[in-house]
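Residues per chain, in single letters:
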Amino acid sequence: MSRLTGVVRDATIARFLGASALSDAFYTAFRIPNAFRAIVGEGGLPGAFVPMAKKVQRERPGEEGVYAGRMLTLLVLVLVVLTAVGVAAAPFLVALFAEGFRATPGKFDLTVSLTRWLFPYILLVSAAALLEAWLNAKGRFQLSAATPIALNLAIVAAAWLLAPAGVPPTTALVVGVLAGGLVQFLMQAPAARKLGMKFGGAPFGDPEVKETALLIAPRLYGYGIGQISFLISSRTLAALGNAYVTFNYCAFRVVDLVLGGFVVSLTRAVLPSLSEQAHEEGRGRFRETLSLSLRLVGFVTIPATVGLLLLARPVIDVIFRRGRFDARDVTQTALAVVFFALGLYAVAGVKILTQAFYALHDTRTPVAVGTFDLGVFWLLCVALAGPMKHAGVALATSAGFWVNFGLLLFLLRRKTGALGVPRLVASAGRVGAAALVMALGVLAVGERLLPYDAAWPFAVRVVWVLGVTGLGAGLFVAAAAALKAPEVAETFGALRRRRPA
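*Asks:* Explain the overall build of the chain to me, using residue names and the numbers behind them.
*Replies:* Regarding its fold elements, the chain presents 19 helices and zero strands. Taking 2.2 N^0.38 as the reference for a compact globule, 501 residues should give roughly 23 Å; the C-alpha atoms of the chain span a radius of gyration of 22 Å, in line with that estimate. Seen along its three principal axes, the alpha-carbon backbone of the chain occupies a region of about 65 × 60 × 45 Å. Within the chain, counting contacts between residues at least 6 apart in sequence, those at least 24 apart form 83% of the total. Carbon and sulfur atoms make up 67% of the accessible area of the chain, which amounts to about 20800 Å² in all. Taking the average location of the 47 positive side-chain charges in the chain and that of its 26 negative ones, the two points are 2 Å from each other.

And the structure:
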């Protein structure tokens, strides 16, 4: 639901800003603080906090809430300083991420102004991320997974209420982002307190807080590498001209429907289990959980990749083509979707394998691999952006993730022993065969019987996309079941299970 409301949010932004210098400025300003949030609030923090909270709970039951409260205090102090620095350094940051914006009069200055207004979002959403990590450590996932819904609806509401009243669309969107960030924190605070979190408390001198900070440090560097990739792609796209930042942002948002709707949820849910199983003798359950996770993400991402390759243009047309977002913008965005989709499984696999290393308290390996991957991405980005424009940046992103995934899998196997790679390959073969059946069915309908027509009314286009997507999903599941793929029962079994409230 959070990803579906995210689609509504992105469609709303496209409606008011289109694909233009204005949308480039907003997306860049929104992503700059989000880059720091990804490093500090959601990147290194959960991977260090959850295992430590589990450790305190095992060794001193009941005191893990005190530890969590002290971690929140430390995080807020750090983020207040970071926000102040970010507001002051906004011109430098925008120049770093989007120097090419200077070529369009007013674009650079607008991005600087929006970045300053949006920087407090880091404080709000990162504090909310710590509450989410606490709830996850306590086995509660549903509430935290729902908080992005509040952010998305706040942005949509602000745009539709304020922009028609004469407020500049970019200003209306900023109001929505900040309001949504605050609601994300407030939604989780009562549940966190109910589950034992003690708000407040001096963090200095607490040995667990100190140890967590030491564990987070290399993670910050590791996630920082990922944001350097964003820096490289952002600078490259900004230099290409107006709207290229928007094309790739909107394209990745569509791909993120799969990543966020299932993959991110799975990685968050699997970390507490891996953290416990990593300490068991032989680590048999650890390897089994890891193998199951990789097979489940393959069961979702492989058919999703095929579906996006076939339906990129209709999907982008339905979601974004309205207001200032025209047919040309649809074509360019759909092209980026195709190349981002090629890396779907690799992105998901990297997330799972990184959590496995963190559960083993190994922060150095993901960092080293990420550093190497950054170099590969940089070279590919420079080589492909010239002939392929924004599509080259998307292809470089996917290729870099595949390099990262392959190295992490190889190194984790050396560290923990056999990971059931033959079983993973067999699973991918079955899923790929089922996806081929799906593709043939979608092509028969979408290319032969009833080709998509962008001139249809909006409601008809929505029905076509939903109908063909539903047909493809049904064919895939039926084919996978006929091939006796165990992932069918495992996936739907996981969806049926409920945790106690």
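*Asks:* Tell me about the state of the cysteines, and please be specific about residues and values.
*Replies:* Enumeration according to the criterion identifies zero disulfides in this entry. Of all cysteine sulfurs in the structure, the one in Cys381 sits closest to Cys250, which takes part in no disulfide; the separation is 18 Å. We classify Cys250 as buried; its relative accessible area is 1%. Its relative accessible area of 0% is what places Cys381 among the buried residues.

*Asks:* Any chance you could break down the packing of aromatic side chains for me, citing the residues and the numbers?
*Replies:* Under the criterion given, the structure shown has 15 aromatic pairs. Ring centres 5.0 Å apart and planes at 70 degrees place the aromatic pair Phe16 and Trp160 in the edge-to-face group. Here the residue Phe16 occupies a position in helix H1 (residues 2-17), and Trp160 occupies one in helix H8 (residues 142-162), the gap between them amounting to 144 residues. Ring pairing ties together the aromatic residues Phe26, Tyr27, Phe30, Tyr121 and Tyr249, which thus form one cluster. Between the NZ or CZ atom of Arg15 and the centre of the ring of Phe16, over which it lies, the distance is 5.1 Å.

*Asks:* Summarise the side chain of Asp24; cite the residues concerned and give the values.
*Replies:* Along the polypeptide, Asp24 turns up in helix H2 (residues 21-40). Exposure remark for Asp24: the relative accessible area of 0% places this residue in the buried category. In terms of polar contacts, Asp24 uses its side chain to reach the backbone amide nitrogen of Ala243, at 2.7 Å. The residues contacting Asp24, other than those within four sequence positions of it, are Phe101, Lys107, Gly241, Asn242, Ala243, Tyr244, Val245 and Thr246.

*Asks:* Go over the packing of H8 against helix H9 (residues 169-194) with me, naming the residues and quoting the values.
*Replies:* To describe two helices that pack against each other, one gives the angle between their axes and the distance between the axes. Relative to each other, H8 and H9 sit at 150 degrees, their axes nearing to 7 Å. Considered as vectors, H8 and H9 are oriented roughly antiparallel to each other. Judged by the sense of rotation from one axis to the other, the crossing of H8 with H9 is right-handed. Considering only residue class, the contact of H8 with H9 consists of 18 nonpolar, seven polar and no charged.

*Asks:* Residue-level account of helix H13 (residues 327-341), with values.
*Replies:* Spanning 15 residues, H13 covers 21 Å between terminal C-alpha atoms, matching the ideal 21 Å at 1.5 Å per step. Among all positions of H13, only Asp329, Val330, Thr333, Ala334, Ala336, Val337, Phe339, Phe340 and Ala341 are buried. The backbone nitrogen of Arg328 has a side-chain oxygen 3.2 Å away, supplied by the residue at the start of H13, namely Asp326.

*Asks:* Give me the pattern of salt bridges: which residues, what numbers.
*Replies:* Any two side chains of opposite charge can pair, on the condition that their charged atoms come close. With the rule as written, the count across this model stands at 14 salt bridges. Taking the shortest distance from any N to any O, the salt bridge between Asp256 and Arg253 comes out at 3.6 Å. Remark: Arg253 and Asp256 occur in helix H11 (residues 244-277); sequence separation between them is three residues, near one turn of the helix. Here Asp256 and Arg253 have matching classes, each one buried. Notably, a salt bridge pairs Arg321 with Asp317, separated by 2.4 Å at the nearest N-O pair. The structure contains a network of salt bridges with shared partners spanning Arg9, Asp10, Arg253 and Asp256.

*Asks:* Give a description of helix H7 (residues 121-137) that names residues and reports values.
*Replies:* With 17 residues, H7 ought to run about 24 Å at 1.5 Å a step, and its terminal C-alpha atoms sit 24 Å apart, in line with that. Taking burial as the measure, the 17 residues of H7 include 15 buried ones, the bulk of the element. One or two positions beyond H7, positive phi appears at Gly139, with a value near 80 degrees.

*Asks:* Lay out the packing of helix H12 (residues 284-320) against helix H18 (residues 458-482) with the relevant residues and their values.
*Replies:* Two numbers describe how H12 lies on H18: the axes approach to 11 Å, and their chain directions differ by 165 degrees. On the basis of the axis angle, H12 is roughly antiparallel to H18. For the element pair H12 and H18, the recorded crossing hand is right-handed. In this structure, H12 uses Phe299, Pro303, Leu311, Pro314, Val315, Asp317 and Val318 to contact H18, whose residues at the interface are Phe458, Arg461, Val462, Trp464, Val465, Val468, Thr469, Phe476 and Ala480. Broken down by class, the residue content of the contact of H12 with H18 amounts to 13 nonpolar, one polar and two charged.

*Asks:* Before we move on, could you go through unusual backbone geometry and cite the residues and values that matter?
*Replies:* Note: most peptide bonds trans; most residues except glycine with negative phi. You will see that Ala243, though not glycine, has its phi angle at about 85 degrees, which is positive. Mapping Ala243 onto the fold places it in the loop between helix H10 (207-240) and H11. Phi at Lys484 takes a positive value of approximately 60 degrees, unusual for a residue other than glycine. Here Lys484 lies in the loop between H18 and helix H19 (487-496).

Conventions and cut-offs
Residues numbered from 1 in each chain as written. Predicted model: local features only at pLDDT ≥ 70, side-chain atom pairs only at ≥ 80, totals over all residues. Heavy atoms only, no water. Helix = DSSP H or I, 4+ residues; strand = E, 2+ residues; numbered from the N terminus. Rg over C-alpha atoms; globule rule 2.2 N^0.38 Å. Contact = heavy atoms within 4.5 Å. Areas by Shrake-Rupley, 256 points an atom, 1.4 Å probe, with all protein chains shown as cover. Lys, Arg positive; Asp, Glu negative; His and termini not counted. Charge placed at Lys NZ, Arg CZ, Asp CG, Glu CD. Disulfide = S-S within 2.5 Å. Buried < 20%, exposed > 50% of the residue type's maximum accessible area, 1.4 Å probe, protein only. Phe/Tyr/Trp six-rings, centres within 6.5 Å; stacked < 30°, edge-to-face > 60°. Lys NZ or Arg CZ within 6 Å of the ring centre and 35° of its normal. Polar contact = N/O pair within 3.5 Å; in protein donor to acceptor, adjacent residues only side chain to side chain. Axes fitted to C-alpha atoms, helices over the stretch in contact; angles between N-to-C directions. Parallel < 35°, antiparallel > 145°, perpendicular 65-115°, else oblique. Left-handed = near helix turned anticlockwise from the far one by under 90°. Nonpolar A, V, L, I, M, F, W, Y, C, P; charged D, E, K, R; others polar. Expected span 1.5 Å × (residues − 1). Salt bridge = Lys/Arg side-chain N within 4 Å of Asp/Glu carboxyl O.

Spatial relationships are all this shows, so hold off on functional conclusions.
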